[in-house]
Structure formats: structure tokens, C-alpha cells
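Structure assessment
Below are the chains, spelled out letter by letter.
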Amino acid sequence: MSGGGGGSSAPGRFADYFVICGLDTETGLEPDELSGENFEQTPLRRTFKSKVLARYPENVEWNPFDQDAVGMLCMPKGLAFKTQADSREPQFHSFIITREDGSRTFGFSLTFFEEVTSKQICSAMQTLYHMHNAEYDILHTPPTNDKESCSSTGDCNGTSVSKLQRFNSYDISRDTLYVSKCICLITPMSFMKACKKVLEQLHQAVTSPQPPPLPLESYIYNILYEVPLPPAGRSLKFSGVYGPIICQRPSTNELPLFDFPVKEVFELLGVENVVQLFTCALLEFQILLYSQHYQRLMTVAETITALMFPFQWQHVYVPILPASLLHFLDAPVPYLMGLHSNGLDDRSKLELPQEANLCFVDVDNHFIELPEDLPQFPNKLEFIQEISEILMAFGIPPEGNLHCSESASKMKSLRACDLVSDKRNGNIAGSPLNSYELLKENETIARLQALVKRTGVSLEKLEVREETSSKKDLKMQCDEEEFKIYQLNIQIREVFANRFTQMFADYEVFVIQPSQDKESWFTNREQMQNFDKASFLSDQPEPYLPFLSRFLETQMFASFIDNKIMCHDEDDKDPVLRVFDSRVDKIRLLNVRTPTLRTSMYQKCTTIDEAEKSIELRLAKIDHTAVHPHLLDMKIGQGKYELGFFPKLQSDVLSTGPASNKWTKRNAPAQWRRKDRQKQHTEHLRLDNDQREKYIQEARNLGSTIRQPKLSNLSPSVIAQTNWKFVEGLLKECRNKTKRMLVEKMGREAVELGHGEVNITGVEENTLIASLCDLLERIWSHGLQVKQGKSALWSHLLHYLENRQRRTTSGSFSTSGILLDSERRKSDTSPAMSPLRISLIQDMRHIQNISEIKTDVGKARAWVRLSMEKKLLSRHLKQLLSDHELTKKLYKRYAFLRCDDEKEQFLYHLLSFNAVDYFCFTNVFTTILIPYHILIVPSKKLGGSMFTANPWICISGELGETGVLQIPRNILEMTFECQNLGKLTTVQIGHDNSGLYAKWLVEYVMVRNEITGHTYKFPCGRWLGKGMDDGSLERILVGELLTSHTEADERQCRTPPLQQSPSMIRRFVTISPNNKPKLNTGQIQEAIGEAVNGIVKHFHKPEKERGSLTLLLCGESGLVSALEQVFQHGFKSPRLFKNVFIWDFLEKAQTYYETLEQNEMVPEENWQTRARNFCRFITAINNTPRNIGKDGKFQMLVCLGARDHLLHHWIALLADCPITAQMYEDIALIKDHTLVNSLIRVLQTLQEFNITLEASLVKGIDI
């Protein structure tokens, strides 16, 4: 956690080391080659290597000194030289060193300039200038011989030479040379304000004309050995050189220690940008901060990670990236890094390897570039409103304060309205004087107002908190300004923390506790599901889902839940978790409504006052005061120094602490280890290297191999090794992702095999596919030679396309696609469609033709989705990478795509997606036009060729239907284009009964989506014609998706195909419904049970996952066919050659009831309504203008009865009807009372569901 850190931390010392870095006069000037191209710069602008000149003490056992890291981070740009003409303000910045085990140490450094006294260094600088000027003159020879013109020729930066001569030159006889030096404290906890004061006062002592009261050694000794860490929940006062310094530390039930000014982040970026950046961090995008101030990089990074409480950033975290580690930007993993800008180059000069998933934050210019399709943070508008109110109470304009950003001058020229229309800077507005006026212009607040008006609150009375007067009586020990910073920090942090306590108030319910013991849980960690995501999401308000479904997939969420599983008992609990859980408990007490009913009502933060109070009390009454600095036992003459120079300190007095001090005695390892154990429970330190954490890290962390770059001077071999780790990491991530997606997708099958939970929601599937696209982008951008466009994958595809076109024009390559004649099922010998060509390029063209997709990243994602849906992803990528020349041209040797074994394994993992059906293209691009290809196959035997009528067809899918399409006579195959229909469900086919031979026996209809290649078969097997079969002129066919047999060969397991149409069985019979295989009563009951069960399950799934209800009603084992079996059972067989249909029986029953009504022999009210209803439906169906035939009418009746919850009434009615007695044998199911009663009970279960019928099933009926 920010402010946490130090693993086996000190026995309670405030600071571990005092360090001095700077120019080592012994070794002289060493250019720092790693810090970038040095030599075009004038020598004063170049960077030189800095050294750690001294550190006190030499080493402490609980925090070994890391010389490379400290040297790099104290002066990330190396040494800087200046002359008396330049400004030489001291600069403060903090940094973090993350050890390999994940624990942290904090550094605070103050960099200032000292005069160079060494003659050698001055003359070396002079020599460098002579060389530079000589080279410069050769490169820029003046066009004329005139002396003056030399000064007017511009150098490469466009500044004139005379200027350069004036600012960047050094003349040993005239100029004084200054060099940077830095003093630094290394501490186990992040007390930024206190450390800053200590260092500033030390520096002041050296530069002020009066010497300090005591030698500097006394103060440094004091801070190293005599100032303790304040205990949790206490405040501490100690003495600097010139004044007291105060720090305070939260208790174990408050938010963890965090000492950076949140105010600065909001001033630099504005609320809207901060919330967007925060969202990117939570979803683990790559984040790159860019600023010319190291402290700003650090403040933004630490603030964003602190606001995540209770979650923790799990990936590479380098808020200040030293110049020598720039290659780390190539890392194909999530990272949060800070990059120093020199203030000259603008953003366009930055060569970033990948930008598809990058959030780029230009801190100084109030500007943020977001990754595509970033979901909204839940309740974003109300959240921004709540933060804005707090900021305004402290006089900070919510859109950020442009005075503090470099671009203020640029901004002045822009009018506010231009800015509002510029989406990316949606939160900068005119003048920060009247903040409410500003808010009015700000589009965020405009949106807010609209939203809030609907909820009936007026925003005119923006609630700006006034400080209460009661605070005046408390005398603060720190100054007003500092107290304000504390207040603002805690208020903003409480508001952020409150969002998570509200969002995850009932998270514990969904944690899946491992069934086995901890050891085996650790070993199978990656396969285990630790959180019931689907159930959790199904409880959430719809607008939250895009964000939450992605957030639940992150490493930080997984680690948070792992932590929860690890610590059952209170004492064992991770401190962060303990604080969070206690807050969640409070909310659940307040929220007496069942906590599982989550609403999207925005709950404001209520914990602010309490949190403020505890800080206030600590600051009003200081709990501890440290020993004052005192004279040390130094030899005479020690401790003298020269004005303006930081002295060489006496190491003999600083290398060891006092022997007698009461709390340093515990240095015996055993004792401080025990202390450490207690501390772990009471502390706010996040002990990553505690055993539990270690387990979790090993078992879980994909990035564990590269959690932190090693800060040392990097040889090519180290870089190669790092890249090798990335390649391994990517492969591992690919393995885990594919596995996770398959387990989710295969759902039921997987559960039987003992993996995970059953269901996957549409949102979740989208999330998983989006994260696969991110992974592919990261793989494709690893080791790129030159970056082109934002998507590395699409850019590679375009190169491939270009190459192919070149080859095709030169005639060397004949066919671009492979024909698959295996679209047909092996068993089908009947006519089939000509197969679709498999072509990578054709699929790219499809994507390029979709006008809705505007960006490269979007195109790459759409192409991946299409390839997934076609089960060609692995094959396409293999083909793309088979162009070795191209891969060599585009990628460096160490790139993932050039590691052959890993690449093979990666393609193999992707191949496993072919085992399941994805509709991730069809379901996402719902508005695009798609060509469909239709094939109608009439029966060969029965004279299809003599058919004279005009046929028509209408295709319906989950997203819409085509309307009636007339088919030209004798044409059985055609292609037409229409808006995406989604998965196809039914086909209505019929004819107009014209001509001499208007009888048509249709075997089946095939429809293929020409983009995705999905082919559906709609079996029919019955006549269309008056006087044939049941006299139907149109039929509704239910479809199934065909699987091509290339897959059947490739894949080991097949998910069962969709249900078939009911009439499949009747295909071979001499078209009579009575030839169905006879089932006994037990089988019929089972079929009814199955059918009803299918419908019940359908409604218990989240809406996004439900399949086709039409199939469950009219499919092969659907409700219609099951009820058909009920009425067929024991139906008296008619005389030879005459067919009797169930519909005939129902019509007779209707006539019977109607005559009863007329004779007014009515048994009872209830019965009468049922009978009337029944007759009304039969009449309505008989009066429909459609020619749907008797079986079609029966189907329509069952569907309407299911919709209106009348089926069980009708069964009861018909069981008692005298007509039944005439038309059924005694053994008939419908005559057996116990069987009928159980049938009624089963059908009653459908009453609670709201069944909506597909339009094609009830066309022409208005009941």
C-alpha cells in the first residue's frame, strides 16, 4: 500500500539511511550513455554519471542498501551542470524502491547545485566545449564569410547560435560552473512532508550565512538513530535544524498512511481526467505518466494507487522510470510508469511501442489519452459531483487549476466553449475565479444537472461544505495550510473508499471457500474459481456491468479475494482487509434492506467527519516527542564546513547508533522478528513477504517474474533475459486466458468435469474476449521494430495484405483462399451449397467494409471476433506468421513472434477455441448489413419440377426478421443482403397455391451467413399444398446450426447441436402424423417433464444467456411435440385412407362447448370461463388469413396457451369432455385421471414465467 512498505522493517526507526549523491571528483566526468543521445547536446545539457558519495550507516540488516537503485532514483537523469546564468532552484522528489519480494522502501531526495571547485573538472568541461564547437562549425558552415551570419544560422532546434552561445556555453575564465548534488533519506514508511522538511532545513543550514546551532552531524544522527517511527494511531514531533517537524500515522482501523497532496493531482488533471485515469488503473491498462517534474510523477502514481483502497496494484510499478530503463516501455504487461519529459519535445516525438491498451497522461498539460472502449465507472456523474463539492469547499476548481500546469499560457488563447467540445479535455473551462460559473460551462456538470434534475434535486444549491466553527477551539500543532492538506486528503480518500464499500458491500457471500486444505489449494490455485462472478454480476444494476465484469477479471481483484480466503480468523487478517471488512459490516447494518438487493441509488460518503476528527485530535495533542539533537562526541575541528557546500560528514560518528537507547536494544534478530509478527497484525504495513503473500504471489501472479525491473546498469544480456521473461509471461497468460474462456464457455460440460461454475453472462463473455484482444495486441507489439498506427496486429495484417497483393499482381500466387468442401455433414448426400472460401484476406475485407468501425484498434478487435466465430483464429494467425520475411522485417530478434517454440504453443492454445461455438461477432455488430445465402431442397422423388405456384420465404433470427421474400419460380438458391439477424431461429416458407400443380414437398431449407459462414438447416419433410398432408400452404420451420466436419475432425469433444425441428421424424414416412413411433405413458410424461423443465431453466438464466425460446416450444423435444404425443396416445385410428388430426378433435370439442352454451346447461362459473376462452382461441386460429394447416394450428394453439398460462385449464377441460370419450381408447393417457392431474401440475409451473413469442409463431392472430 502507499505508505506501507518495509518488509522486515526496522526496530521502529524513522529513517534507515542518509545518502549523499553527486559528482565523484576522483573518477571525473563519465558521460551517461544510457540517458539518451547525448552528443548532439551542448556539453552543459548532457548528462553525466552520478555516484553515491556517502551513506550513513553503511548497512542495516533489515533493509540492505541497494546502491544501483538509490543512485538511479536519487538522480534519475544523472548529473547536471549549470553556470551562473542558469536558475539553480533546489528540487525535491520522492521515489520508491520495490524489492524482489514486493516489499517497498521509500526515498526522499533534495537536489541542489554546488560550485565546482575541482580544476580538472572545469578544464574538462572547457575541452568538451571546444570539441563541440568544432564539430558544430563543421556541420553548420555559414553560407557567407561574414562573421555575423554565423549567429543567424539556426541549429537543429531552431534556436539561433548566438542564443546557444549565451546560455549553453562555458568559458573557464568568465563563468562559474555548478554541478548538481543530492541529499536523500531512505525510510521504511512514506512520511513525505516530514522528510521534505528535514532535507530542506539541512540544505538551508549549508546555504545560510549564519552557521546552524549544532554541527550537521548532530541533526543527521538524530534523525537516523533517535527519532522513532510514530506508533499506529499516534503523532510524533521531532526537531529539524530550524524548527519542529510533525508527522502523524493512522491507527489500524483507519485508511492506511498516505502523505502525498491529493490536491495537486486534481489541480493538474481535473476531476474528470482523474476519474478516467482511476478507471484505467482499476482495469489494469498500461498507464504512462509524462511530466518534467519527478515529484509530480510520484504524486500522481501514489495518489491513484492509494485511492484504489482496498485493492492494490499488482503489476510493474515504476513511478519514476530512469532513462536507462526506457526499454521497459516495451513490456507487454500491465504497468504504471512515470516518464520524465525534458519539456521540449511534445507528445508526438514519443515512440511508444504499443498504444492499443495504453492510457497516456501528460500531467503538465492537463491532458489524457484513453484506451478505446473504456467502460464508465459506476455512477460516474454522481461520483464526480461528490468529489467536486469537496474540491470547491477547498477553493479548488473541479476542472483543475491551470495556473499550476505548464500549458496555462497555451490555454489562455482557447475559448472555454472550444474546450468543452473537445472531448479529451472535457474538464477544462474558462477562468477559475467563480467556480460555479465554471461548472456551468463544464460539460460534465451539464450532464450532471440533467441527470440530477430527473432525480428531483436541484444543483443550483451546490452544497459547498463550510468548516464548522467548533474546530477553532482546538489549537493545531501544524500550520493552517498543512492541516488543510490533511483534511482534503482524507475527505477525497473517504469518498473513493466509500464507492467500493457500497459496490462490494455483500462481496463475502460470493467468495468461494476452497473445499480442500490450503496446501492443495495453493498448488491448484490457477485452476480454482475463487469468486462466484456470474451470481455477483446478476445482482448488479445493468449500467454497472461493463465496468464490473472487467474489473472482476483483474489481478488486483483476484489477489484481494485470495487474501480473503487465506485469512479466516480476525487476528490473521491483512490490515487492509480488516479495515475494509469493518466498513462493509457497518454499511450492512445501516442497510437493513436485504443487502443482496443492490440498487443504482447513489449513496454518499458518511464517514468523512469521523475520519477527520481522528486526524485533528492527533495533530492537536502530540503523543510523542523525540530526543532533541545534541552535540556528539566529535574530535576538535570536526563538523566545520564552508558556506554553500554540503560538507563531507564524519562517518565515524554516523556509522553506528547509540548502544543504550531503549528501543534499539531489540536489535537481536529473534526479538525483532517476534516484534515483526505482532507488527504485522497491528501495522498498516503491507507485508508482501509474509508467507501467505508469498504463496499467493507464487501461485497467482502472472507478472511475478517481472513484478519489478531490476534497477541496475543493464547489459544487453540482462535486457535479453528480461525479454525472455516477458515471452514466458505472455505464454503463461495466454494459457490461462484460453483455459478460463473455455471453462466458462463449456459451462455445463466443464462443471461435470469439476471446473468452475455453470453459467457465463453475455457481459462476461464480452469481457473475456476483450481481454484476449488486449493480450493479442500486447503480443503483437512486443519487440516491434517501428511502430505504425495504434494497433500492432492490424498494422501487421495490412502489411501482409500489401505483400499478397504485390505477389498476386506479379502472378506468383494463384489462390488466396482454401476451399473447404467439408461444409456438408458426412451423412448428407443431398444437394448442398457451394462451400465458402477460407481466406484471411477476405475476412479482412469484410471488416474494412464495415463503416461503423473507425479505428485500427477497433478493426483488429472485430477481425479477432470474426475469426473466433469462424473458428479460424489459430489458422489465420498461423498463416499471417508464415510470412517469415515480413515477421523478420517488422520484429526484433527477441520479440515473442520470433520465438518459434513459444509461437507454436501459443497458436496451439488458440486452437482450443475451436471446441466451442462463439457468436462474439454476430452479437456485437448488430446493425451491419450481412449477405445471406438460401438453398431450398425439395424432395426429388415426388415431382418437385412440376411445381407451378410462386413460393415465398421469411427468415427470423434473434435480432429481427427479413419480411416476406418472393422466390422466383424454379430458383432454389439465392443470396440477399439485410441487417444482421443474429442467430437464426425460424424460417416461414409457403406459396400462393397458383397454377395446376400447387403441391410442394420440401425436404429442408439451408441458410448461410456469408460473413461468418454459420450455416443453419431447417428440416421440413412435409407437403405444402391444399388437400395434401394437413392441407398447409405455409409452415414454420425451426433451425439448427450445422457444424462443418473439418472441426469435427480437429476437435476432440463436440457440444451437442441445437434441437431439430419436430418434423424431422416424419421425413421418411408416407406423410401421416400417426406413423410417429408410439411412446408409452411413462415416456410421454418424461417428454412433457423435459420440455417444461427446459423452459423453466431458460427463464432462470440471466437474460443475456438465454437461447431460443422458440426451440423449447416448437423444437424436436419441445412442448408442442410433447403435447402432440399426449393427444396422439390412444387416439382411435380412423378408417383406411383418411387421416384424422388432433385439430379435428379440438374443433369437435369446441362445437360441443358452444352448443352447451346455447342450451345454457352450464355447470359452473369457473368452468364456463375456461370453455369460453378455449373456443375463442380455436375460432381465432381458424379465422387467421394464413394457410398454416392443421398441425400448424395445433402448434399455434399450444404457443398461445403457454403465453397466456391457459394450457393446464384446457387439459382439465378436455379430460372431462364427452368428445374425448368418443375419440379415444380407454387406455388413452387423457382418460387416466391420475396421469392428467400430474400433467396439469407440471404445466402449472409455467405460470410464473412471462413467455414472449417470436413474431413468426403468432402472425395474423390478435388475441
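Nothing here was measured: the structure is a model prediction, and the numbers come from that model.

Calculation criteria
Residues numbered from 1 in each chain as written. Predicted model: local features only at pLDDT ≥ 70, side-chain atom pairs only at ≥ 80, totals over all residues. Heavy atoms only, no water. Helix = DSSP H or I, 4+ residues; strand = E, 2+ residues; numbered from the N terminus. Buried < 20%, exposed > 50% of the residue type's maximum accessible area, 1.4 Å probe, protein only. Contact = heavy atoms within 4.5 Å. Salt bridge = Lys/Arg side-chain N within 4 Å of Asp/Glu carboxyl O. Arc of directions from axis to C-beta. Pairing = 2+ DSSP bridges. Axes fitted to C-alpha atoms, helices over the stretch in contact; angles between N-to-C directions. Parallel < 35°, antiparallel > 145°, perpendicular 65-115°, else oblique. Left-handed = near helix turned anticlockwise from the far one by under 90°. Nonpolar A, V, L, I, M, F, W, Y, C, P; charged D, E, K, R; others polar.

1. Some thoughts on the overall build of the protein chain
Helix and strand content of the protein chain: 43 helices and 26 strands. Relative to its full complement of 1263 residues, the protein chain shows a buried share of 59%. Of the contacts made within the protein chain by residues no fewer than 6 positions apart, 76% connect residues no fewer than 24 positions apart.

2. A short note on the pattern of salt bridges
In total, this model carries 29 salt bridges according to the counting rule given. A salt bridge links Asp900 to Lys903, with the shortest nitrogen-to-oxygen separation between them at 3.7 Å. One end of the pair is Asp900 and the other is Lys903, both in helix H33 (residues 900-911) and 3 residues apart, which spans about a single turn. Residues Arg1203 and Asp1204 are paired through a salt bridge, measuring 2.9 Å at the closest nitrogen-oxygen approach. According to the relative accessible area criterion, Arg1203 is partly exposed, its value standing at 22%. Residue classification places Asp1204 among the partly exposed positions, given a relative accessible area of 27%. A network of salt bridges, in which partner residues are shared, links Glu30, Lys49 and Lys51.

3. Examining helix H31 (residues 873-881)
Those residues of H31 that fall on the buried side of the exposure criterion are Leu873, Ser874, His876, Leu877, Leu880 and Leu881. Mapping the buried residues of H31 onto a view down its axis gives an arc of 165°, with all of them on the same face.

4. What to know about the environment of Lys739
Tracing the backbone through its elements, the reader meets Lys739 in helix H25 (residues 716-746). Between the alpha carbons of Lys739 and Leu910 there is a distance of 9.8 Å; along the sequence they are 171 residues apart.

5. Considering the sheet that holds strand S7 (residues 235-239)
If you trace the 3 strands from one edge of the open sheet to the other, you get S8-S7-S14, paired in mixed fashion. Each having just a single partner strand, strand S8 (244-248) and strand S14 (624-625) make up the two edges of the open sheet.

6. Quick word on the sheet that holds strand S24 (residues 1015-1024)
Two pairing modes exist for strands in a sheet, parallel and antiparallel, and in both the strands are linked by backbone hydrogen bonds. The strand order S21-S17-S23-S24-S26 describes an open sheet built from 5 strands, whose pairing is antiparallel. Looking along the sheet, the strands with just one partner apiece sit at the ends: strand S21 (973-979) and strand S26 (1040-1041). Sheet analysis places strand S17 (residues 929-938) next to strand S23 (residues 1000-1009), joined by 7 bridges and oriented antiparallel. In the strand pairing of S23, Tyr932 is matched with Asn1009.

7. Quick notes on the environment of Thr299
Considering the arrangement of structural elements, one finds Thr299 in helix H9 (residues 294-307). C-alpha of Thr299 to C-alpha of Val262: the two residues are 37 residues apart in sequence and 7.7 Å apart in space. Beyond its immediate sequence surroundings of up to four residues, Thr299 is in contact with Phe260, Pro261, Glu264 and Val265.

8. Some words on unusual backbone geometry
Between Tyr56 and Pro57 the backbone carries a cis peptide bond, its omega angle lying at -15°. Structurally, Pro57 is set in the loop between strand S2 (51-56) and helix H1 (67-74). Of the consecutive residues Phe309 and Pro310, the connecting peptide bond is found in the cis state with omega at 10°. Located in the positive-phi region is Glu284, a residue other than glycine, with phi close to 60°. With respect to the element layout, Glu284 can be found in the loop between helix H8 (271-282) and strand S9 (286-291). Of the residues examined, Glu284 reaches a relative accessible area of 13% and is grouped as buried. The phi dihedral of Asp373 is positive, around 35°, even though this residue is not glycine. In this fold, Asp373 is placed in the loop between strand S13 (367-369) and helix H10 (380-393).

9. Remarks on the packing of helix H15 (residues 480-503) against helix H21 (residues 608-620)
Between H15 and H21, the shortest axis-to-axis distance is 9 Å and the interhelical angle comes to 150°. Between H15 and H21, the angle falls in the class roughly antiparallel. Relative to H21, the crossing made by H15 is right-handed. Note on element contacts: H21 touches H15 through Ile608, Ala611, Glu612, Ile615, Glu616 and Leu619, opposite Phe483, Tyr486, Gln487, Ile490, Gln491, Glu494 and Val495. Of the residues in the contact of H15 with H21, the class split is 8 nonpolar, 2 polar and 3 charged.

10. A look at the pairing of S17
Most of S17 is tucked away, with 8 of its 10 residues classed as buried. Where S17 meets S21, 7 bridges bridge the pair, whose relative direction is antiparallel. Considered in S21, the bridge of Ile930 is made with Cys978.

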